[in-house]
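# A closer look at the structure
Given next are the chains, with one letter for each unit.
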Amino acid sequence: MRLDKYLKISRLIKRRTVANEACDAGKVLVNEKEARASYAVKSGDIIQIQMGQKEIKVRVEQTPEYVKKEDTAGLYTVLS
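### Observations concerning the sheet that holds strand 5 (residues 76-78)
The five strands are arranged 2-1-3-4-5 in an open sheet whose pairing can be described as antiparallel. Pairing within the sheet leaves two strands with one partner each, and these edge strands are strand 2 (33-34) and strand 5. Here strand 3 (residues 46-51) pairs with strand 4 (residues 54-60) via six bridges, running antiparallel. Across the sheet, the residue bridging to Gln50 is Glu55, located in strand 4.

Pasting the structure below:
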């Protein structure tokens, strides 16, 4: 699954276009490397998102094509 799509369905970022822009701006790292929006996310990847002064670090657990709002908590584990 593409990184921008994963960020949207996991609700880490609200819109796919915003996720795409964040990737282009270098604010999203996967396994400590800058990642493009087209990066293929896999289980076990570590994603870091820099939003202003706040940084979110999560480990990918699942990459389903579709998920209900209530089930998004199982898609990732928050590391910091």
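### Some words on helix 2 (residues 16-24)
Along helix 2, the positions that sit buried rather than exposed are Ala19, Ala22 and Cys23. What you see down the axis of helix 2 is that its buried residues fit within an arc of 100°, all on one side. The outward face of helix 2, more than 90 degrees from its buried face, is lined by the exposed residues Thr17, Glu21 and Asp24. Looking at the residues trailing helix 2, positive phi occurs at Gly26, about 80°.

### Section: the confidence of the model for the protein chain
For the protein chain, per-residue confidence averages 92 on the pLDDT scale, and 100% of positions sit at 70 or higher. Of all secondary-structure elements in the protein chain, the lowest mean pLDDT belongs to strand 5, at 93, while strand 1 (residues 28-30) reaches the highest, 96.

### Points about the nonpolar core
Grouped together as the largest cluster of nonpolar side chains are 23 residues, with contacts concentrated most on Leu3, Tyr6, Leu7, Val28 and Ile47. Counting residues per element, the ones that place at least two in this core are helix 1 (3-9), helix 2, strand 1, strand 3 and strand 4. In terms of residue count, helix 1 provides more of this core than any other element does, four residues in total. Those residues in contact with Leu3, other than ones at most four positions away along the chain, are Cys23, Val28, Val30, Ala35, Arg36, Ala37, Tyr39, Val41 and Ile47.

Calculation notes
Residues numbered from 1 in each chain as written. Predicted model: local features only at pLDDT ≥ 70, side-chain atom pairs only at ≥ 80, totals over all residues. Heavy atoms only, no water. Pairing = 2+ DSSP bridges. Helix = DSSP H or I, 4+ residues; strand = E, 2+ residues; numbered from the N terminus. Buried < 20%, exposed > 50% of the residue type's maximum accessible area, 1.4 Å probe, protein only. Arc of directions from axis to C-beta. pLDDT = per-residue confidence, 0-100. Core = buried A, V, L, I, M, F, W, Y, C linked by side-chain atoms within 4.5 Å. Contact = heavy atoms within 4.5 Å.

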